[in-house]
Amino acid sequence: MKRALFPGSFDPITNGHFDIIKRGIDLFDEIIIAIGVNADKKYMFSLDERKHFIEEAFKSEDKVKVLTYEGLTIDFCKKVDAEFILRGLRNPADFEFEKAIAHTNRKLSKIETVFLLTSADTSFISSSIVRDVIRNGGDYSVLVPGSVKVK
């Protein structure tokens with residue numbers, strides 16, 4: 001079974017994340033969306049909210065699971081028997097950052113990183129942009145799956 005881990009904080013999940021995951025479903029037997037927990041980071045949405053947004057967005061996809069983890073991504077990959085890490089690339093800066101992480105992960109383990117380029121219509125979206133739109137009362141609905149709701 002080809003199992004991939006798609007790690008992130010997903011604060012919140014965006015249409016860019018959604019696109020990468022949907023396209024990854026065709027490449028892998030299973031995708032584990034892994035919400036990383038970082039005690040030093042301040043999130044807009046609680047862990048339960050972020051998990052709910054993702055589970056609702058993929059409720060009809062049997063090949064997608066949503067889990068949370070702390071620590072190194074490669075350690076979690078080993079724990080859940082994921083051979084691959086799936087990542088999306090929006091721009092050259094993403095590539096440089098992700099390349100360094102992929103090389104490090106490959107040096108520390110046998111886990112391969114698979115990169116997918118974001119689609120042109122979602123390449124500008126980031127969770128930080130979405131949070132800024134939300135904080136300022138803008139219409140965030142065109143940037144995220146319908147499961148993302150602000151209280």
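Residues numbered from 1 in each chain as written. Predicted model: local features only at pLDDT ≥ 70, side-chain atom pairs only at ≥ 80, totals over all residues. Heavy atoms only, no water.

A. Spatial organisation of the overall build of the chain. Within the chain, the regular secondary structure consists of five helices and five strands. Along the chain, from the amino end to the carboxyl end, the secondary structure elements read β-α-β-α-β-α-β-α-β-α. For 151 residues, the compact-globule formula gives about 15 Å, and the C-alpha radius of gyration of the chain, at 15 Å, lands near that figure. Reported as C-alpha extents along the three principal axes, the dimensions of the chain are approximately 45 × 35 × 30 Å. With 151 residues in all, the chain has 46% of them scored as buried. Of the contacts formed within the chain by residues at least 6 apart in sequence, a portion of 77% connects residues at least 24 apart. (Helix = DSSP H or I, 4+ residues; strand = E, 2+ residues; numbered from the N terminus. Rg over C-alpha atoms; globule rule 2.2 N^0.38 Å. Buried < 20%, exposed > 50% of the residue type's maximum accessible area, 1.4 Å probe, protein only. Contact = heavy atoms within 4.5 Å.)

B. The UniProt feature "site: Transition state stabilizer" (unreviewed entry) in the chain, seen in detail. The sites that UniProt annotates as "site: Transition state stabilizer" (unreviewed entry) are His17. Topologically, His17 is positioned in helix H1 (residues 15-25). Given a relative accessible area of 19%, His17 falls into the buried group. Among residues more than four places away in sequence, those in contact with His17 are Phe6, Phe10, Pro12 and Ser127. Of the polar contacts made by the side chain of His17, one reaches the backbone nitrogen of Thr14; its length is 2.9 Å. (UniProt positions renumbered as here; feature names shortened; annotations may be inferred. Polar contact = N/O pair within 3.5 Å; in protein donor to acceptor, adjacent residues only side chain to side chain.)

C. Geometry of the nonpolar core. The biggest cluster of nonpolar side chains holds 27 residues, and the ones touching the most others in it are Ile13, Ile33, Ile54 and Leu86. Only strand S1 (3-8), H1, strand S2 (30-36), helix H2 (47-57), strand S3 (64-69), strand S4 (84-89) and helix H5 (127-135) provide two or more residues apiece to this core. In this view, Ile33 contacts Phe6, Phe10, Ile21, Ile54, Phe58, Val64, Lys65, Val66 and Leu67; residues no more than four positions away in its chain are not counted. (Core = buried A, V, L, I, M, F, W, Y, C linked by side-chain atoms within 4.5 Å.)

D. Main features of the pairing of S3. Taken together, the six bridges between S2 and S3 define a ladder with parallel strand orientation. Paired with Gly36 across the strands is Tyr69, a residue of S3. (Pairing = 2+ DSSP bridges.)

E. Quick look at the UniProt feature "binding site: substrate" (unreviewed entry) in the chain. On the UniProt side, "binding site: substrate" (unreviewed entry) is annotated at positions that read Ser9, Lys41, Thr73 and Arg87 here. Along the chain, Thr73 falls in helix H3 (residues 73-79). Residue contacts for Thr73: discarding those within four places in its chain leaves Leu5, Pro7 and Ile85. The residue Arg87 is located in strand S4 in this model. Excluding residues within four positions of it along the chain, Arg87 makes contact with Phe6, Pro7, Glu98, Thr113, Val114, Phe115 and Leu116. A distance of 2.5 Å separates a polar side-chain atom of Arg87 from the backbone oxygen of Pro7.

F. Highlighting the sheet that holds strand S5 (residues 112-117). Overall, parallel pairing links the five strands, which are arranged S3-S2-S1-S4-S5 in an open sheet. Every other strand in the sheet has two partners, leaving S3 and S5 as the edge strands with one partner each. Mean inter-strand twist for the sheet, computed between neighbouring axes without regard to direction, equals 30°. Note that S4 and S5 share six bridges and pair parallel. Paired with Leu86 across the two strands is Val114, which belongs to S5. On top of the sheet, helix H4 (residues 92-108) reaches S4 and S5; it is set at about 170° to S4, its chief contact. (Axes fitted to C-alpha atoms, helices over the stretch in contact; angles between N-to-C directions.)

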